[in-house]
Amino acid sequence: EIDVVGVFLGCKAGVAKMKGRGGSIINMSSMTGVRAQADLVAYNAAKAAVTHMTKSVALHCAKQGYGIRCNSVHPGAIHTPILDKVMAQSDDPQALYDGWVSTHPIGRLGKPEEIAAICAYLAADESAFSTGAEFRIDGGSTI
């Protein structure tokens, strides 16, 4: 409901408010919206839905001439308090952390400010020619 319906309702409301004025919708997907994992079936499907919903909204807005861009951001594992909580529940937190890092060729987890930076770019006029695009900020995990 949150990952798919919430994004749909956000896009619907955003388009209604920005129609005629233009703007930028930024949908948060995930690397798992591009690359499936065996133990995340529902999450994979939800994030893949966000990816394609973004493209559909981008096309709709372009064809209607609304001046609204719609793009998706696909983070890899980002070191946030949520990951700290998950590690705290693990029998071997270091192994869990190392496993997450191993899926990123860059050799580390992402930082929240790295995701914020791409969102700031997508919200700015400098990204005016980007719509329907997937911005993978995943340390190379979907290469």
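Parameters at a glance
Residues numbered from 1 in each chain as written. Predicted model: local features only at pLDDT ≥ 70, side-chain atom pairs only at ≥ 80, totals over all residues. Heavy atoms only, no water. Core = buried A, V, L, I, M, F, W, Y, C linked by side-chain atoms within 4.5 Å. Buried < 20%, exposed > 50% of the residue type's maximum accessible area, 1.4 Å probe, protein only. Helix = DSSP H or I, 4+ residues; strand = E, 2+ residues; numbered from the N terminus. Contact = heavy atoms within 4.5 Å. Salt bridge = Lys/Arg side-chain N within 4 Å of Asp/Glu carboxyl O. Pairing = 2+ DSSP bridges. Axes fitted to C-alpha atoms, helices over the stretch in contact; angles between N-to-C directions. Patch = residues over 30% accessible without salt bridge, like charges linked within 9 Å, V, L, I, M, F, W, Y side chains within 5 Å. Areas by Shrake-Rupley, 256 points an atom, 1.4 Å probe, with all protein chains shown as cover.

A. Representation of the nonpolar core within the structure. If you look at the biggest cluster of nonpolar residues, it comprises 13 residues, and the most contacted ones within it are V15, I25, V57, C61 and I68. For this core, the secondary structure elements donating two or more residues are α1 (2-18), α2 (41-64) and β2 (68-75). The residues contacting I68, other than those within four sequence positions of it, are V15, M18, K19, G22, G23, I25, C61 and T131. Counting residues in each nonpolar core, the second largest holds 7 residues, with V73, I78, I118 and F135 among its members.

B. Focus on the pattern of salt bridges. As enumerated under the stated definition, the model contains 4 salt bridges in all. Linking K47 and D3 is a salt bridge whose minimum nitrogen-to-oxygen distance equals 3.6 Å. Of this pair, K47 sits in helix α2 while D3 is found in helix α1, placing the two residues 44 residues apart along the sequence. Among the residues examined, D3 registers a relative accessible area of 25% and is labelled partly exposed. Notably, a salt bridge pairs E134 with R136, separated by 3.0 Å at the nearest N-O pair. Taking the relative accessible area as the measure of exposure, E134 reaches 26% and is therefore partly exposed. On the basis of relative accessibility, which here comes to 38%, the residue R136 falls in the partly exposed class. Salt bridges here are not isolated pairs; linked through shared partners, they connect K55, E134 and R136.

C. Fine view of the sheet that holds strand β1 (residues 23-28). Strand order in the open sheet formed by 3 strands is β1-β2-β3, and the pairing between neighbours is parallel. Both outer strands of the open sheet, β1 and β3 (134-137), are each paired with one neighbouring strand and no more. Adjacent strand axes in the sheet meet at a mean angle of 25° when their direction is disregarded. Both β2 and β3 contribute to a ladder of 4 bridges, which runs parallel. Paired with H74 across the two strands is R136, which belongs to β3. Along the sheet, α1 contacts β1 and β2; its crossing angle with β1, the most-contacted strand, is approximately 175°. Against the sheet, α2 contacts β1, β2 and β3, and its axis sits at roughly 160° relative to β2.

D. Focus on a nonpolar patch on the surface. Residues V5, F8 and L9 make up a contiguous nonpolar surface patch of roughly 260 Å² in combined accessible area. Looking at where V5 falls in the secondary structure, it is placed in helix α1. V5 sits in the partly exposed class, given a relative accessible area of 34%.

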